[in-house]
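Chain by chain, the residues run as shown.
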Amino acid sequence: MIRTLMAATALATLASPAFAETISVAPGDGAQERLQEALILAEPGDEIVLETGRFDLTDGLSLDVDGVTVRGAGMHASVLDFSGQQGAGEGLLVTSDGVTLRDFGMENPKGDGIKSKGADDIVYQGVRVTWTNGPAATNGAYGLYPVESTGILIDGCEVSGASDAGIYVGQSSRITVRNSLASYNVAGIEIENSRKAIVERNYVTGNTGGILVFDLPGLPVKNGGEVLVRNNLVANNTTPNFAPEGNIVASVRRGTGIMVMANETVWIGQNMLYDNPTAPIMVIAYPLAFEDPEYNPYPREISIDTNQVDEGGTDPQFEGAQQLLAAFGGALPPVMWDGLEDPEMTTLMVHPDLAGWSVNLPEQGAGIESARPGPLDVGAIGQPISIEGWGAPEEMEARLK
Amino acid sequence: MIRNLAILGAAVATLAVSAGVQALPPPKVNDTLIASDSLPKTLGNYGFFLDRGANDPAPGVVPYRLNMPLFSDGADKHRFVYVPDGQEIGIGDQGLLQFPVGSALIKTFAFGAGDSQRKIETRVLLHRADGWVALPYVWNEEQTEATLALAGKRVPVTTPWGEDISYRVPNKNQCKECHGLEGAVTPIGPKTRNLSAAWLESYLGTVPEGADTMPRWEDRAAADSTASARAYLDVNCAHCHRPGSTASNSGLDLRWETDDPHAIGINKRPVAAGRGSGGLQFDIVPGDPEASILVYRMRSGEAGVAMPELGKATVDEEGVALVERWIAGL
């Protein structure tokens, strides 16, 4: 009886790949239509294989079939080249669930790189998005752009040159971003209006700001929080801000390491932060006027554990920086807080080994000219928090190669 | 014997059509094909039209127009609806006509005037048992056949104002980017508020409440500037910019019935506009169209900046003027 059952199980396991097809697409003439047609005609379980070479594309691609894998021969071997893109707001749009994107590159999309919207349980592994001309305001906004989704696993990816955030996760939950390289973007990695996210073991360098955890008003999904930022190397984020005005990241100061704006329950620990000369770690309230009655502009329950940090803010991009530096003995302490808080909540807890300073703004929305800077005076971190249920669901790991 | 007769019958029917003989009953729309799960290769397969050039609709295929149309690079559009015999049409959310399973919406996009008009593409929306399906067909040079183009196509065309553009026929997924709502394909255009009372009277036998309230495009100069602009934004933008659709994450909701000023963009900051912001702070700045991101993006023809993202290779100058006039008066 047991043997029969086992045989049945084995058959079931074998059965699904047996029906799944592998569709290979080569670069060359008609690549736009051939690749798009393959993406449309794919059935759940199918694999679309991008052969080695450069695919010259004129229009955005899209995938709307559940459970499809799109894989190439490597992030530098199979390249979707959008230098000649004429239409659509992104290079690839994914709107179906259970999709795996692996081992291909994308260059110079006119808008965003890969956007996955309402696409649950999506894996991005070994995917690269590069704007080859380096930082420029004319580059697209986001490299990897999952939004309004539950279950996002980003592993071993690379994004460079995005005029907003290299890896941007918005209005989503159950998120893991790890082992990835975000360089020469305005923001390296940004988690916005999202819940239950783990950002770990990334190398975030050459951006204006390294890792941003933001919560903004007026969006359909709000009240971001439960974000763990650990074991990242955040270094040399000193590129002048090149975001077009009007976007919230255009206000990020060059030299910001890890930045929390609003949000509830964020844990920042065991990161290495070097050469982020405005502030290695910055915690602030949303600085602008807003009308959303459900929005809380203050950071709440932000814990900063031990992190390996250099001397701190050696070249802060603020008005009055020289006086500040003189007052603090040549460098601003590594943790910067704007001093604003929700009176009902604990705002910030910092490990005693880390020094900090407060801008001591008088109220939400006040400008830096009303600052009364002083040393940071907040409590020490308490017990480690539970991260049960944070990060991409465990079963998604099985889809990694 | 039966088979032979059938073949003979088909041959006679074909002959009759090609010879333009009017005496025989015209071929019926292929209901089986609409209902099937196939992807028919040509538009002719459906039997929506009596002629190969898709000018004469078959019985049951009824032309209609919209008060406020979607701008598509200045294409002239020929719209038809087909509902199987004896089926009822309902009225749903926003006054959207609810066509029964087996129905089809057919829209041909053409450029050029009069006899020199050239059809570029025909898009069909088929209501099948498991939902609506959107399929694009591209016309041949001879204008005798339109063939399925699942992956879309680029076609050089000259707009009515003489601009040479690379016109984009959307791929099947891009159809859904505009026609998708809560993950399912749905018709957008035929809402009672955007259909004339006369057409509704003749087609439905009734004029529902709230029908024919959107101003007609050609009457826009005389119409109320708010009504014209809001109708334009509803038709051109709100299929994506609304809850449950492609651009829901922007928080911008441009539907006709939306009355929250922030949701329609007034003093609203962009979320993910990137360089689409044009260095501006708000979607709509009352009284100042030049400072409004909405106008900036409507005025752009550049991928990554231009709105709408799909179906637009050239700027709708008259549409921009309409929206500018409204914002200037806010």
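Definitions and cut-offs
- Residues numbered from 1 in each chain as written.
- Chains lettered and ligands numbered in written order.
- Predicted model: local features only at pLDDT ≥ 70, side-chain atom pairs only at ≥ 80, totals over all residues.
- Heavy atoms only, no water.
- Helix = DSSP H or I, 4+ residues; strand = E, 2+ residues; numbered from the N terminus.
- Rg over C-alpha atoms; globule rule 2.2 N^0.38 Å.
- Buried < 20%, exposed > 50% of the residue type's maximum accessible area, 1.4 Å probe, protein only.
- Contact = heavy atoms within 4.5 Å.
- Areas by Shrake-Rupley, 256 points an atom, 1.4 Å probe, with all protein chains shown as cover.
- Buried area = accessible area lost by both parts, 1.4 Å probe.
- Salt bridge = Lys/Arg side-chain N within 4 Å of Asp/Glu carboxyl O.
- Polar contact = N/O pair within 3.5 Å; in protein donor to acceptor, adjacent residues only side chain to side chain.
- Patch = residues over 30% accessible without salt bridge, like charges linked within 9 Å, V, L, I, M, F, W, Y side chains within 5 Å.
- Lys, Arg positive; Asp, Glu negative; His and termini not counted.
- Charge placed at Lys NZ, Arg CZ, Asp CG, Glu CD.
- Phe/Tyr/Trp six-rings, centres within 6.5 Å; stacked < 30°, edge-to-face > 60°.
- Pairing = 2+ DSSP bridges.
- Domains from an automatic or database assignment.
- Core = buried A, V, L, I, M, F, W, Y, C linked by side-chain atoms within 4.5 Å.
- Axes fitted to C-alpha atoms, helices over the stretch in contact; angles between N-to-C directions.
- 1 Å grid on protein atoms, 1.4 Å probe; cavity = no way out; pocket = protein on both sides within 12 Å on 5 of 7 lines; lining within 4 Å.
- Points joined across faces, edges and corners; volume = space filled by probe spheres on them.

### Here's the deal with the overall build of chain B
The secondary structure content of chain B amounts to seven helices and 12 strands. Rg of the C-alpha trace for chain B: 21 Å, near the compact-globule value of 20 Å for 330 residues, within the 12% margin. Expressed as lengths along the three principal axes of its C-alpha atoms, the size of chain B is roughly 75 × 45 × 35 Å. The buried share of chain B, reckoned over its 330 residues, is 52%. Look at the contacts in chain B between residues 6 or more apart in sequence, and 51% of them connect residues 24 or more apart. A total of about 14500 Å² of accessible surface is found on chain B, and carbon and sulfur atoms cover 55% of it.

### Some points on the interface of chain A and chain B
Accessible area lost when the parts come together is the quantity often used to give the size of an interface. Taken together, the contacts link 44 residues of chain A with 37 residues of chain B. Roughly 3100 Å² is buried in total at the junction of chain A and chain B, and carbon and sulfur atoms are behind 49% of that figure. If you look at where chain A meets chain B, you find three salt bridges. The salt bridge involving Arg154(B) is made with Asp59(A); its shortest N-O contact spans 2.5 Å. One can count 20 residue pairs in polar contact (both at pLDDT 80 or more) joining chain A with chain B.

### A short note on a negative patch on the surface
Residue and element names in this part refer to chain A. Together, Asp 66, Asp 97, Asp 121, Glu 394 and Glu 395 line one region of the surface with negative charge. If you trace the backbone, Glu 394 turns up in the segment after strand 32 (374-375). Since its relative accessible area comes to 62%, Glu 394 is described here as exposed.

### Overview of the packing of aromatic side chains
By the definition in use, this model includes 17 aromatic pairs over all chains. An angle of 70° between the planes, with centres 6.2 Å apart, marks the rings of Tyr286(A) and Phe290(A) as edge-to-face. When the ring of Phe111(B) is compared with that of Tyr167(B), the centres are 5.4 Å apart and the planes differ by 75°; the resulting orientation is edge-to-face. In this pair, Phe111(B) is assigned in strand 5 (residues 104-111) and Tyr167(B) in strand 10 (residues 164-169), connecting sequence segments 56 residues apart.

### Quick look at the pattern of salt bridges
All names here are of chain B. Enumeration over the complete set of coordinates arrives at 30 salt bridges over all chains. Its salt-bridge partner being Arg 216, residue Asp 219 comes within 3.1 Å of it at the nearest N-O pair. A relative accessible area of 37% places Arg 216 in the partly exposed class. A salt bridge links Glu 302 to Arg 275; its shortest N-O distance comes to 3.0 Å. A residue pair is termed long-range when its members are at least 10 positions apart, and Glu 302 in the loop between helix 6 (293-298) and helix 7 (317-328) and Arg 275 in the loop between helix 5 (225-237) and helix 6 qualify at 27 residues.

### Some thoughts on the sheet that holds strand 31 (residues 356-358) of chain A
Residues and elements named next belong to chain A. With mixed pairing, the 12 strands of this open sheet are ordered in space as 4-7-9-11-14-17-20-23-26-29-31-32. Two strands lie at the open edges of the sheet, namely strand 4 (59-63) and strand 32, each paired on one side alone. Taken together, the four bridges between strand 9 (residues 112-117) and strand 11 (residues 144-147) define a ladder with parallel strand orientation. Within strand 11, the position partnered with Ile 114 by the bridge is Leu 144.

### A word on the side chain of Asn249(B)
Along the chain, the position of Asn249(B) falls in the loop between helix 5 and helix 6. Judged by its relative accessible area of 5%, Asn249(B) is buried.

### Section: the domain arrangement of chain B
All names here are of chain B. The domain architecture assigned to chain B consists of domain 1 (20-214) and domain 2 (215-330). Between domain 1 and domain 2, the contact holds 25 residues from the first and 27 residues from the second. Between domain 1 and domain 2, a total of about 2400 Å² is buried, with carbon and sulfur atoms accounting for 56% of that surface. If you sort the residues of domain 1 by the area they bury against domain 2, Met 68, Phe 71 and Met 214 come out on top, with a joint share of 29%. The interface formed by domain 1 and domain 2 contains three salt bridges. Put simply, Asp 234 and Arg 193 hold a salt bridge, and the shortest N to O gap is 3.0 Å. Residue contributions to the side of domain 1 that touches domain 2 peak at three residues, all from helix 3 (residues 172-179).

### Things to note about the nonpolar core
Core analysis: the largest hydrophobic core is formed by 66 residues, its most contacted members being Leu80(A), Leu101(A), Ile114(A) and Leu144(A). Within the second largest apolar cluster, 37 residues are counted, among which are Tyr142(A), Leu212(A), Leu216(A) and Met261(A).

### Looking at the sheet that holds strand 2 (residues 76-82) of chain B
Residue and element names in this part refer to chain B. Read across the sheet, six strands follow the order 1-2-5-6-7-8 without closing on themselves; strand pairing throughout is antiparallel. Because the sheet does not close on itself, it has two edges, and the strands there are strand 1 (61-64) and strand 8 (146-148). This sheet shows a mean twist of 25° between the axes of neighbouring strands, independent of strand direction. Inspection of the sheet shows strand 7 (residues 131-139) paired to strand 8 by three bridges, in the antiparallel sense. Note on strand 8: the bridge partner recorded for Tyr 137 is Leu 148. Its contacts with the sheet put helix 4 (residues 197-204) on strand 1 and strand 2, and the angle it makes with strand 1 is roughly 165°.

### Concerning empty space enclosed by the protein
Counted according to the given criterion, the structure contains four cavities of 30 Å³ or more. Taken as a whole, the largest cavity encloses approximately 830 Å³ of empty space. Contributing elements (two or more residues each) for the lining of the largest cavity: strand 7 (87-94) and strand 9 of chain A together with helix 3, helix 5 and helix 6 of chain B. With four residues, the single largest contributor to the lining of the largest cavity is helix 6 of chain B. Taken together, domain 1 (20-214) and domain 2 (215-330) of chain B each give at least three residues to the lining of the largest cavity, which thus spans both.

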